[in-house]
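# Observations on chain architecture
Below are the chains, spelled out letter by letter.
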Amino acid sequence: MMFRAQKSLLPKAAAAAAALSLVLTGCGGSPEAESDGPVTLRFSWWGSDVRHKMTEKLIEAFEAENPNINVEGEYGDWSGYWDKLATQVASQDAPDIIQMDAAYLGEYSERGALLELKDVDLSKFDQPVADSGKVDGKQYAVTSGVNAMVVMANPALVSASGVALPDDKTWTWDDLDSTAAEITKASGEKVFGTGQVNSDAAANLWFRQHGKSLFTTDGKLGFDESDLAEWYGYQAKMRDSKAVPPASVITEDATASIDQQGLSTGKFAMNMYWSNQLGALSKASGQDLEIRRPPSLDGKAADAQQFYKSSMFWSASSRTKHPAEAQKFIDFVTNNATAGEIGLADRGIPANSEIRAAVASMLTPADAKTAKFIDEISSELGEAAPVPPAGGSAAVEALTRYSLEVHFSRLSPQDAAKKAMDEAQSALL
């Protein structure tokens, strides 16, 4: 879930920000003119061995179509990627093409480290997906693939409870609470209706449905203390109804590996996750899990303000000597059919709708189910969620930590909201 990912970013984000702040103010100069001869591009990414091998095939396919361009790969694992990139940028030795994450996009773009991508075709993207790579109205990143926040349900556990799940196009937050509470009661509290519903992604949906947002486009919090108190009040409601497990279980689940989380081990009948986690969760649970829409305020899916989350982005260095070629590579991995067949859903369900349709029959059953869901909700999307600003990870950590204080009954929703707002606002200064 998003909180787990964001929590792990905090030390890396701080290190990256510290390094960036030393030198990036001078990084925004005009790139040198492109060369008439052979061009070499450096391309950095993180990922598993499977992704490394697949990415090497992408590079080979690109070079076959562009024999005048050589691409050198620089890859590693997540843990060291951002420290290395911050050091490279600080020494003015950044790779030409950069696999980027939303948590860092605001920081790097705001400090002039990224190239504005004017020559990448985004005509086959849903507009909110295209806009998700914009900062201050400029396209500094292109989505490699998309996910959506969903409710995943274990049909065997739901059926055993005798409780029917409401239609996901019409259910509300109150329906989620009451349905989950009934499942918990029916099982004698051996199975909880749902796992935690306190992630920043769930909060963002709640705020958006109230006409607010987690962050604003100018890098501030998009809600006030009373909005947060209402969200924490919903947490207290789910705590008291026993729709969710005790706070100690929520805390343990937040740090457990995916195969040890409650939905995987049969302790939760439902839980909120990003859609791309369906395959891993289905395998761990041994169940063909169902994907359901998150609830809405008024019981109308079209008003749920659903949004696509970019699983990751493609960006380019503002200091690249070959901006045209760098963008040509990004356009290739985004819009080329061969690239789509090589990459499939490794970096998320393809953001280009035509590529998504072309590779649908090649996807694993879980990825195919996810792709079908992504297409189904395309007409229900709200505006793109703003890129998290510098300090956004620390702000999110504070919001989630104080939600746990509510679950532990150590603070009232109002007191928790006041303390969380103070910390979150300080993080963004």
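Throughout what follows, the structure given in this document is the object of discussion. (Residues numbered from 1 in each chain as written. Predicted model: local features only at pLDDT ≥ 70, side-chain atom pairs only at ≥ 80, totals over all residues. Heavy atoms only, no water.)

Moving on: the packing of helix α9 (residues 225–241) against helix α16 (residues 392–407). Following both chains from N to C, one finds α9 and α16 inclined at 40°, their axes separated by 9 Å at the closest point. Taken together, the axes of α9 and α16 lie oblique to each other. The crossing of α9 and α16 is right-handed. Contacts between α9 and α16 involve Leu-228, Tyr-232, Gln-235, Ala-236 and Arg-239 on the former and, on the latter, Ala-398, Leu-399, Tyr-402, Ser-403, Val-406 and His-407. The residue inventory of the contact of α9 with α16, partitioned by class, reads seven nonpolar, three polar and one charged. (Axes fitted to C-alpha atoms, helices over the stretch in contact; angles between N-to-C directions. Helix = DSSP H or I, 4+ residues; strand = E, 2+ residues; numbered from the N terminus. Parallel < 35°, antiparallel > 145°, perpendicular 65-115°, else oblique. Left-handed = near helix turned anticlockwise from the far one by under 90°. Contact = heavy atoms within 4.5 Å. Nonpolar A, V, L, I, M, F, W, Y, C, P; charged D, E, K, R; others polar.)

With that out of the way, let us pick up helix α2 (residues 49–65). The end-to-end C-alpha distance of α2 is 25 Å, a good match for the 24 Å that 17 residues give at a rise of 1.5 Å each. By the burial criterion, the buried members of α2 are Arg-51, His-52, Met-54, Thr-55, Leu-58, Ile-59, Ala-61 and Phe-62. Close packing links the buried residues of α2 with β1 (39–46), β2 (69–76), β3 (97–100), β9 (308–316), α12 (323–335) and α13 (337–343). (Expected span 1.5 Å × (residues − 1). Buried < 20%, exposed > 50% of the residue type's maximum accessible area, 1.4 Å probe, protein only.)

So, about the pattern of salt bridges. For the coordinates displayed, the defined rule picks out 19 salt bridges. Asp-375 is the salt-bridge partner of Arg-356, the closest N and O atoms lying 2.8 Å from each other. With a gap of 19 residues between them, Arg-356 in helix α14 (residues 353–359) and Asp-375 in helix α15 (residues 365–376) connect regions that are remote in the sequence. By relative accessible area, Arg-356 is classed as buried at 3%. Between Arg-401 and Glu-423 there is a salt bridge, with the nearest N and O atoms lying 2.7 Å from each other. (Salt bridge = Lys/Arg side-chain N within 4 Å of Asp/Glu carboxyl O.)

A few words now on the environment of Pro-128. Note that Pro-128 resides in helix α5 (residues 127–131). Along the chain, Pro-128 and Tyr-308 lie 180 residues apart, while their C-alpha atoms are 7.6 Å from each other. Residues within four places of Pro-128 in sequence aside, it is in contact with Leu-381, Gly-382, Glu-383 and Ala-384.

Of note in this structure, Asp-136 is not a glycine but carries a positive phi near 55°. With relative accessibility at 63%, the residue Asp-136 sits in the exposed group. Not every positive phi belongs to a glycine, and Lys-242 is a case in point at roughly 65°. Summarising the element assignment, Lys-242 is placed in the loop between α9 and α10 (247–255).

Quick look at the pairing of β9 now. With nine of nine residues buried, β9 is to be regarded as a mostly interior element. As judged from the four bridges shared by β3 and β9, these two strands associate in the antiparallel manner. What sits directly across from Ile-97, in β9, is Ala-316. By the bridge criterion, six bridges tie strand β6 (residues 142–153) to β9 in an arrangement that is antiparallel. When the bridges of β9 are listed, Gly-145 appears paired with Met-312. (Pairing = 2+ DSSP bridges.)

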